[in-house]
Amino acid sequence: MAVFWITSMVEGLGVSQIFALVPSYLREMGVAEADRLAFVGLFSSLIFVIGLPLVPLWGVWADKYSRKAVIVRSALVEAVVFAGIALSREPWQLALSMLLIGFQLGNTGVMLAGIRDVTPRGRLGTTIALFGASGPIGFAVGPALAGLLIDGLRWSLPAVFWLSAALSVGTALLVALGSREVRPEVVPQGRVLQLAFGAVRGAVEDPTVRRIFIIFGVAFVATQMSRPYLPVLVEGLVGTGPGLASSIALVMGTAALVGAVVSSFGGVLGDRIGFRPVLIAALTGAGAVLLLMPLVPSLAALAGLAVVLGTATSTVSAMVFGLLATEVPSERRSATLNLVYLPLYGAGVVGPAIGAGVASVAGVAGPFVLGGAVFLVGAAVIGIRRRGPDDATTGSAVEREPVTATVDLADR
């Protein structure tokens, strides 16, 4: 888990710098202010366009041949992507580099499946939550490091991405040399395309997996609508001069870091009281915060709300990982966990595109208002589902089998 944790953290570091610095990059490239808001959203959606159809294939290749090889592939592609962004001098070059990110995706589910295969059942929620914290911590370190390098050491934007490329090469070597191969309990047999299609079909046809994926997708759509515009809110509060990168780091980095830490406790809480109530609380908190963000008058207030948002979204991910890791039968568990971010990739295309359209009409506040409404509706739908017979389970029973009882409730 330590090797995979570092690998995931470095990936989050680089991707978070893309989200944090693309608005400034586009301004430096001379994009007109009237077009920049739309470009921010549309460019962010490019990250997932190619990755979406490839996700099932990476999972099958990992299970059939080598999980390590698929993870190393991802790290090496990351290095190429960050180098391409560092070399970009025109908007179309930046767009092409971000489009290539799709080829690096598909590794998180593979790492999650490997961790699941070596983790004792009684520590599963906590372990998955700890691994789930790696991405948010990367999202914290990325903007903070960029702020230090740009405002403190006067590095250029391209130099920041060259460093991320070098770190990605380092993680490729770490996985190749510092981890062992963990094979799935059931190694798939057959043609790759048939296995990939079968994995997707199995996830879609399974009511439990389908409902969990829908919850995850709704949360990610709301997040991806607003996330690209958080640096723009910071610009509106502090201006575009010196200190902007550090201010973005304060808001985005602090939020991700605190969210990562608290989400680990969310995993422990989910093991004890069940994932459903924790999930509903996290969705509700995220929705309320998004509605408030465009209204705050100071950077400190925006950073505080961002902390709550980071905590909520990290907790949602931890709860979803736990539900999938415990409720899917062992013969389909690896294939399903390999697809765990399929809702993210779909939402990553749809969410920023919707955000770009809303921002063009309603301004920068629009994506936050709509994203907040989506979060709240998702929480309400889960919360008002008709209570079934299992809801009468006693407290002692819930303590004995918190995960199973929780999924039964969530499915209804």
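Residues numbered from 1 in each chain as written. Predicted model: local features only at pLDDT ≥ 70, side-chain atom pairs only at ≥ 80, totals over all residues. Heavy atoms only, no water.

### Considering the overall build of the protein
Selection criterion: Secondary structure counts use DSSP, requiring at least four H or I residues in a row for a helix and at least two E residues in a row for a strand, with both numbered from the N terminus. Whether two residues touch is decided by their heavy atoms; if any such pair falls within 4.5 Å, the residues are in contact. For accessible areas, the Shrake-Rupley method is used with a probe of radius 1.4 Å. Any residue's cover is judged against the shown protein chains and nothing else.
The secondary structure content of the protein amounts to 20 helices and 0 strands. Put simply, of all contacts in the protein between residues at least 6 apart along the chain, 85% involve residues at least 24 apart. Entry remark: accessible area of the protein is about 15,800 Å², with carbon and sulfur atoms responsible for 68%.

### Quick word on the confidence of the model for the protein
Caution applies to low-pLDDT regions: their predicted coordinates should not be interpreted in detail. The criterion, for reference: Per residue, pLDDT measures the predictor's confidence, with a range of 0 to 100.
On average, residues of the protein score 81 in pLDDT, and 87% of them reach the 70 mark or higher. Note on residues 386-412: pLDDT under 50 across the span, and 33 contacts to partners over four residues away in sequence or across chains.

### Looking at a nonpolar patch on the surface
In plain terms, the rule: Patches draw on residues past 30% relative accessible area with no salt bridge. Two like charges within 9 Å are joined, as are two nonpolar side chains (Val, Leu, Ile, Met, Phe, Trp, Tyr) within 5 Å. Salt bridges, as used here, are contacts in which a Lys or Arg side-chain nitrogen is within 4 Å of a carboxyl oxygen on Asp or Glu. Partly exposed residues are those whose accessible area sits between 20% and 50% of the maximum for their type, while under 20% is buried and over 50% is exposed, using a 1.4 Å probe and protein chains only.
A contiguous nonpolar surface patch, about 320 Å² in accessible area, is contributed by V169, L173 and L177. The topology assignment puts V169 in helix α9 (residues 157-178). For V169, a relative accessible area of 37% puts it in the partly exposed group.

### Quick notes on the side chain of S45
Stated formally: Here a polar contact means two N or O atoms within 3.5 Å. Within protein one must be a hydrogen donor candidate and the other an acceptor candidate, and residues neighboring in sequence count only if both atoms are side-chain atoms.
Tracing the chain through its elements places S45 in helix α2 (residues 33-49). A polar contact is formed between the side chain of S45 and the backbone oxygen of L42, at a distance of 2.6 Å. Setting aside residues up to four positions removed in sequence, S45 forms contacts with G348, V349, P352 and A353.

### Re the side chain of S226
Along the chain, S226 turns up in helix α11 (residues 207-226). Here S226 falls in the buried class, since its relative accessible area comes to 3%. At 3.4 Å, the side chain of S226 forms a polar contact with the backbone oxygen of A222. For S226, the residues in contact, after removing those within four places along its chain, are L290, P367 and F368.

### Remarks on the packing of helix α1 (residues 2-28) against helix α12 (residues 230-238)
When two helices pack together, their arrangement is captured by the angle between the axes and the distance separating the axes. Test applied: For helices, the fitted line uses only the C-alpha atoms of the stretch in contact; every axis is such a line through C-alpha atoms, and the angle between N-to-C directions lies from 0 to 180 degrees. Any residue that is not Ala, Val, Leu, Ile, Met, Phe, Trp, Tyr, Cys, Pro, Asp, Glu, Lys or Arg is counted as polar, Gly included; the first ten are nonpolar and the last four charged.
Two elements in contact, α1 and α12, have axes separated by 8 Å at closest approach and are oriented at 60°. Here α1 contributes F19, A20, P23, S24 and R27 to the contact with α12, which in turn contributes P231, V232 and E235. For the contact of α1 with α12, a count of residues per class yields 5 nonpolar, 1 polar and 2 charged.

### Focus: empty space enclosed by the protein
The criterion, for reference: For cavity detection a 1 Å grid was placed over the protein atoms alone, and a set of points counts as a cavity when a 1.4 Å probe fits there but cannot get out; an open set counts as a pocket when protein lies on both sides within 12 Å along at least five of seven lines, with lining residues being those that have an atom within 4 Å of a point. Grid points are joined across faces, edges and corners, and a volume is the space filled by probe spheres set on the points.
Counted by the stated rule, this structure contains 3 cavities of 30 Å³ or more. Here the largest cavity defines a volume of roughly 920 Å³. When residues in the lining of the largest cavity are grouped by element, the largest group, 9 residues, is from helix α15 (residues 299-327).

### Considerations on the environment of S246
As for its position among the elements, S246 is in helix α13 (residues 244-273). For the pair S246 and L149, spaced 97 residues apart in the sequence, the C-alpha separation amounts to 9.3 Å. Setting aside chain neighbours within four positions, we find S246 in contact with G147 and D151.

### Section: helix α4 (residues 67-87)
Given 3.6 residues per helical turn, the α-helix brings residues three or four places apart onto the same face. Cut-off, in case you're wondering: Each helix should span, by expectation, one fewer than its residue count multiplied by 1.5 Å.
For α4, spanning 21 residues, the distance from its first C-alpha to its last is 31 Å, which sits close to the expected 30 Å at 1.5 Å a residue. Taking burial as the measure, the 21 residues of α4 include 16 buried ones, the bulk of the element. Of the residues flanking the start of α4, the one acting as N-cap is S66, its side-chain oxygen 3.4 Å from the backbone nitrogen of K68.

### Focus on the pattern of salt bridges
For the structure on display, the rule yields 4 salt bridges. Put simply, R36 and E235 hold a salt bridge, and the shortest N to O gap is 2.7 Å. With R36 in helix α2 and E235 in helix α12, this pair connects stretches of sequence that are 199 residues apart. Exposure remark for R36: the relative accessible area of 3% places this residue in the buried category. A salt bridge links D63 to R67; the shortest N-O distance between them is 3.6 Å. Summarising the burial analysis for this pair, D63 and R67 share the class buried.

### Some remarks on the packing of aromatic side chains
The way to describe two aromatic rings as a pair is by their centre distance and the angle between their planes. This is how the line gets drawn: The rule is short: rings of Phe, Tyr and Trp, with Trp giving its six-membered ring, pair when the centres are within 6.5 Å, and they are stacked under 30 degrees, edge-to-face over 60, tilted in between. The rule is short: NZ of Lys or CZ of Arg within 6 Å of the ring centre and within 35 degrees of the ring normal puts a charge over the ring.
Per the stated rule, a full pass over the model turns up 5 aromatic pairs. Ring centres of F39 and F43 lie 5.5 Å apart, and the angle between their planes is 20°; this geometry places the pair in the stacked category. With a gap of 4 residues between them, F39 and F43 both fall in helix α2, about one helical turn apart. Judged by relative accessible area, which is 27%, F39 ranks as partly exposed. Directly above the ring of W58 sits R73, whose terminal nitrogen or CZ lies 3.6 Å from the centroid.

### Quick notes on α9
Spelled out, the test is: Taken from the helix axis, the directions to the C-beta atoms give the arc we talk about.
The terminal C-alpha atoms of α9 lie 31 Å apart, and with 22 residues this matches the ideal 32 Å at 1.5 Å per residue to within 8%. Burial in α9 covers these residues: L157, P158, V160, F161, S164, A165, S168, T171, A172 and V175. Viewed along the axis of α9, the buried residues span an arc of 150°, placing them on a single side of the element. Seen from the buried face of α9, the exposed residues on the opposite side, beyond 90 degrees, are L173 and L177. Buried residues belonging to α9 abut α1, α4 and α8 (134-152).

### Observations concerning the packing of α1 against helix α6 (residues 108-118)
Spelled out, the test is: For classification, angles of less than 35 degrees are called roughly parallel, those exceeding 145 degrees roughly antiparallel, those between 65 and 115 degrees roughly perpendicular, and all remaining angles oblique. Whether a crossing is left-handed or right-handed is set by the direction in which the near helix is turned from the far one by less than a right angle, anticlockwise for left-handed and clockwise for right-handed.
At a minimum axis distance of 11 Å, the contact between α1 and α6 shows a crossing angle of 160°. It follows from the interaxial angle that α1 and α6 lie roughly antiparallel. Our pair here, α1 against α6, has a crossing hand that is left-handed. Contacts between α1 and α6 involve F4, T7, S8 and E11 on the former and, on the latter, T108, M111 and I115. Partitioned by chemical class, the residues of the contact of α1 with α6 number 3 nonpolar, 3 polar and 1 charged.

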